[in-house]
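Fold and contact review
Residue strings, one per chain:
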Amino acid sequence: MEKFNKLTAVAAPMPLVNIDTDMIIPKQYLKTIQRKGLGKNLFAEMRYNDDGTEREEFVLNQPAYRNAEILVAGDNFGCGSSREHAPWALLDFGVRCVISTSFADIFHNNCFRNGILPIEVSPEDLSKLMEDAERGANATISIDLEAQEIRGPDGGVIHFEIDHFNKHCLLTGLDEIGLTMKKEDKVAEYEETRKMQQPWL
Amino acid sequence: MGTPRTLYDKIWDSHVVDQLEDEAYILYIDRHLVHEVTSPQAFEGLRVAGRKVRRPDATFAVADHNVPTKDIEKGITDPESKLQVDTLEANTAEFGIPYFSMTDDRRGIVHIIGPEQGLTLPGMTIVCGDSHTSTHGAFGSLAHGIGTSEVEHVLATQTLVQEKAKNMRVTVHGDLPLGVTAKDIALAIIGKIGTAGGTGHVIEYAGDAIRALSMEGRMTLCNMTIEAGARAGLIAPDETTFEYVKGRPYAPKAGTFEQAVAYWKTLNSDEGAKFDMEVELDASELIPYVTWGTSPEDALPITGSVPAPSDFADEGKRGAAERALKYMGLTAGMKLSDIEVDHVFIGSCTNGRIEDLRAVAKVIEGKKVKSTVNAIIVPGSGLVKIQAEDEGLDKIFEAAGFEWRQPGCSMCLAMNPDKLAPGDRCASTSNRNFEGRQGHGGRTHLVSPAMAAAAAVTGHLTDVRELG
């Protein structure tokens, strides 16, 4: 997993609430057996016409936002299915950070496993960042994970909260499975005790 | 006596293997269900790192999302779907994981066959790379969906790194009126608290109305918990649960079963246990629900009308309503019962069980599906199909003009040949009405099986209580 520390990039505004995982990556693209290559299908239903041409009005099709690496989105981003194809598609497109007032639980977890930083901010801060994002390519936003700060184009700073473990995972690009496997003794011990207590399992 | 604990606290405490950081714990996983869509990259990850599956015996696999529900004997024609199912078959063989193949009568939707086979037991932790894993909470097991990286983590270690969620209790008092079902309770709750209402929480369902529900009804309710944003839904196990579990192929056998029941009886929230949030509902006041928009929280009683964007105080909700009305092709103010449908879909992990099919048969027996409606019934598993046929339900369905299909996820998510065309409108017993969910441009109205049956007969959303 790629580390995340600092990022300065164009932020694309998506002021919709409840952007669900079917919007982020429609089901017809879940048939892949790869992690890569989903970027072209990100937001496919909103992004393309039926004939496959781009819809000009969709934010990521506009010249200013084609290289956006940050999304600023409405409440409850990522609700719906557990498909990790959603963060894979975001990452493959180049998005490394999503800012919203709230995230669906499984999507939130999936982001951290893929080097994407989901940031929760207050509704007031979100509208400020949404305005910044609407100013296009000339208004980049900077994220500093170590300091837990978002810096707007006018120098305003917003502090954000993140739990220690997830922060550590992103900063170090940690292999979580490797970490757990180091606890093999404890897992084995747990299994032994459980076998005695609940033999039906 | 220690501090009073909730059911969630108890299951959580009994599965903590170790604490990693302030908030991160290693949680042991008792049962891991695997399907074809969210697992190929996880198995590939294991191979790349040279890792094994720690407990193939606690893992179970079946293909459901891509499986056609017609002419299954001919196999899968879509090459991508076929590759995904073949990949699952090869991976389960390579790693020694039990697997029900597409020709096995016991196959079906993963969340239907877990309980059916007795793989789902009270007090367990159960995960699957699928958000509707919340279904299994109906047994008093802590069950939730995970992403593919976490699937790989569980395969390799039989554990997950988790943070503890908050406790929420939804109490449903009183008796459900005739014609009102668990699906209506679910839609009423989501309509009330919203799709983010449960975010960060595990919901325990309590109250007389919940106790009175069958296991099928409880599964429907817990299934929809994810649509309220909660990590999992839980119902404390009771005699209804034990009776359902007893004698199932993977359930504890006689002798151990009694020992298990003694433990399962301790799985309930202690008097005075602390809930971070409480919601109450009166079942006797409920009427059948339908959704009008593109989020499960867009749920209203069938007696209501399509809302106007100006009915919403919140700016975000207003925008969402405007977009939803446009997508759904509806006008504010029109009566919900005037909405005409051209498709009816009955099935899915929400409502594809035997009781759901019986409810449909009861409504449509002696009636006909309206000629303008294309109606399909898809049993949730091969065993549900066999049971329905033993009870003669298939004859009732076919006599009424329904298509009786083979098991699978079918039109719930359109990853297989069953899908809506742009502009098609469907009364559906599934769980999500998102844009494009049942097919590009398709319009979904979520309803209970009885309400779907009523819509099939009249050709429009209909209050099943008024259908003679």
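About the criteria used
- Residues numbered from 1 in each chain as written.
- Chains lettered and ligands numbered in written order.
- Predicted model: local features only at pLDDT ≥ 70, side-chain atom pairs only at ≥ 80, totals over all residues.
- Helix = DSSP H or I, 4+ residues; strand = E, 2+ residues; numbered from the N terminus.
- Rg over C-alpha atoms; globule rule 2.2 N^0.38 Å.
- Contact = placed C-beta atoms within 7 Å.
- Buried ≥ 20, exposed ≤ 12 C-beta atoms within 10 Å, placed from the backbone.
- Core = buried A, V, L, I, M, F, W, Y, C linked by C-beta atoms within 7 Å.
- Nonpolar A, V, L, I, M, F, W, Y, C, P; charged D, E, K, R; others polar.
- pLDDT = per-residue confidence, 0-100.
- Pairing = 2+ DSSP bridges.
- Axes fitted to C-alpha atoms, helices over the stretch in contact; angles between N-to-C directions.
- Parallel < 35°, antiparallel > 145°, perpendicular 65-115°, else oblique.
- Left-handed = near helix turned anticlockwise from the far one by under 90°.
- Right-handed = clockwise from strand over helix to strand, strands pointing away.

Brief notes about the overall build of chain B
From N to C terminus, chain B includes 16 helices and 19 strands. Relative to the globule expectation of 23 Å for 468 residues, the C-alpha radius of gyration of chain B, 21 Å, shows essentially globular dimensions. By principal-axis analysis of the C-alpha atoms, chain B measures approximately 55 × 55 × 45 Å. Within chain B, contacts between residues separated by at least 24 positions form 77% of all contacts whose residues are at least 6 apart in sequence.

Overview of the overall build of chain A
Looking only at helices and strands, chain A has eight helices and seven strands in total. Taken over the C-alpha atoms alone, chain A extends approximately 65 × 45 × 25 Å along its principal axes. Counting only residues that meet the buried cut, chain A has 44% of its 201 residues in that class. Of the contacts made within chain A by residues no fewer than 6 positions apart, 67% connect residues no fewer than 24 positions apart.

Points about the nonpolar core
Val72(A), Ile185(B), Val344(B), Val360(B), Ala455(B) and Ala456(B) are the most contacted members of the largest nonpolar core, which has 197 residues in total. Look past the residues within four positions of Val72(A) in its chain and what remains in contact with it is Ala11(A), Pro13(A), Met14(A), Ile99(A), Leu126(A), Leu129(A), Met130(A) and Ala133(A).

Concerning the interface of chain B and chain A
Many descriptions give the size of an interface as the accessible area lost when the pieces come together. In this complex, chain B contributes 61 residues to the contact, which on the side of chain A involves 44 residues. Secondary-structure elements contributing two or more residues to the side of chain B that touches chain A are β1 (16-19), β2 (25-28), α2 (40-49), α3 (79-95), α5 (148-157), β8 (159-162), α10 (256-264) and α11 (315-328) of chain B. Looking at the side of chain B that touches chain A, the element that brings in the most residues is α5(B), giving seven residues. Considered class by class, the residues forming the side of chain B that touches chain A number 20 nonpolar, 26 polar and 15 charged.

Let's talk about the confidence of the model for chain B
On average, residues of chain B score 97 in pLDDT, and 100% of them are at 70 or above. As scored by the predictor, the complex reaches a pTM of 0.97 and an ipTM of 0.96.

Section: the sheet that holds strand β2 (residues 70-73) of chain A
Residue and element names in this part refer to chain A. Pairing within the open sheet is mixed, and its seven strands lie in the order β4-β3-β2-β1-β5-β6-β7. Either end of the sheet is taken by a strand with one partner, and the two such strands are β4 (117-120) and β7 (157-159). On average, each strand axis in the sheet is tilted by 25° relative to the strand beside it, whichever way the strands run. In terms of strand pairing, strand β1 (residues 6-14) meets strand β5 (residues 140-144) through five bridges, oriented antiparallel. Opposite Thr8, over in β5, you have Ser142 as the bridge partner.

A few points about the packing of α2(B) against α5(B)
All names here are of chain B. For the pair α2 and α5, interaxial distance at closest approach is 8 Å and the crossing angle is 50°. Relative to α5, the element α2 is oriented oblique. Seen from above, α2 lies across α5 with right-handed handedness. Residues Gln41, Ala42, Gly45 and Leu46 of α2 form the contact with α5, whose participating residues are Thr148, Val151, Glu152, Leu155 and Ala156. Taken together, the residues of the contact of α2 with α5 sort by class into five nonpolar, three polar and one charged.

Some points on unusual backbone geometry
Residue and element names in this part refer to chain B. Unlike most non-glycine residues, Asp71 shows phi in positive territory, near 50°. Checked against the element boundaries, Asp71 lands in the loop between β4 (59-62) and α3. Overall, Asp71 belongs to the exposed group, with 10 C-beta atoms counted inside 10 Å. Even without being glycine, Ala414 reaches a positive phi, approximately 55°. One can find Ala414 in the loop between β17 (403-404) and β18 (425-428).

Details of α2(B)
All names here are of chain B. Among all positions of α2, only Pro40, Gln41, Ala42 and Phe43 are buried. Looking at the buried positions of α2, the neighbouring elements they touch are α3 and α5. A positive backbone phi angle near 65° is found at Gly50, which sits one or two residues after α2.

Describing the sheet that holds β2(B)
The strand order β1-β2-β8 (chain B) describes an open sheet built from three strands, whose pairing is antiparallel. The sheet terminates laterally at β1 and β8 of chain B, the two strands that pair on one side only. Averaged over all neighbouring strand pairs, the angle between strand axes comes to 25°, with direction disregarded. Looking at chain direction, β2(B) and β8(B) are connected through four bridges and run antiparallel. Note that in β8(B) the partner of Tyr28(B) across the bridge is Thr159(B). Running over the sheet, helix α8 (residues 184-197) of chain A touches β1, β2 and β8 of chain B and is turned about 155° from β1(B).

Brief notes about the packing of helix α6 (residues 182-193) of chain B against helix α8 (residues 215-223) of chain B
All names here are of chain B. Across the interface, α6 lies against α8 with an axial gap of 8 Å and an inter-helix angle of 20°. Looking at the two axes, α6 sits roughly parallel to α8. Considering how the two elements wind past one another, α6 and α8 form a crossing that is right-handed. Contacts between α6 and α8 pair Ala182, Lys183, Ile185 and Ala186 from the former with Gly217, Arg218, Thr220 and Leu221 from the latter. The residue makeup of the contact of α6 with α8, split by class, is four nonpolar, two polar and two charged.

Here we look at the environment of His153(B)
Within the secondary structure, His153(B) sits in helix α5. By C-beta crowding, His153(B) is classed as buried, having 25 other C-beta atoms within 10 Å. Counting along the chain gives 108 residues from His153(B) to Gly45(B), while the straight-line C-alpha distance between them is 9.6 Å. With residues up to four places along the chain from it excluded, the contact list for His153(B) reads Glu176(A), Ile177(A), Thr180(A) and Leu160(B).

A few points about the pairing of strand β3 (residues 31-34) of chain B
Residue and element names in this part refer to chain B. Side chains Arg31 and Leu33 of β3 all project onto a buried face; the interleaved residues His32 and Val34 project onto the opposite face, where all are buried too. Across three bridges, β3 lies against strand β6 (residues 125-128) in parallel orientation. Within β6, the residue paired with Leu33 across the bridge is Cys128. Judged from the three bridges that link them, β3 and β4 form a sheet pairing that is parallel. Pairing of Leu33 across the sheet is with Phe60, part of β4. The parallel pair β3 and β4, bridged by α2, forms a crossover whose chirality is right-handed.

Regarding helix α4 (residues 110-117) of chain B
All names here are of chain B. Burial analysis of α4 places eight of its eight residues in the buried class, the great majority of the element. What α4 keeps buried is the set Val110, His111, Ile112, Ile113, Gly114, Pro115, Glu116 and Gln117. Note on α4: the residue one or two positions beyond its end, Gly118, has a positive phi of about 80°.

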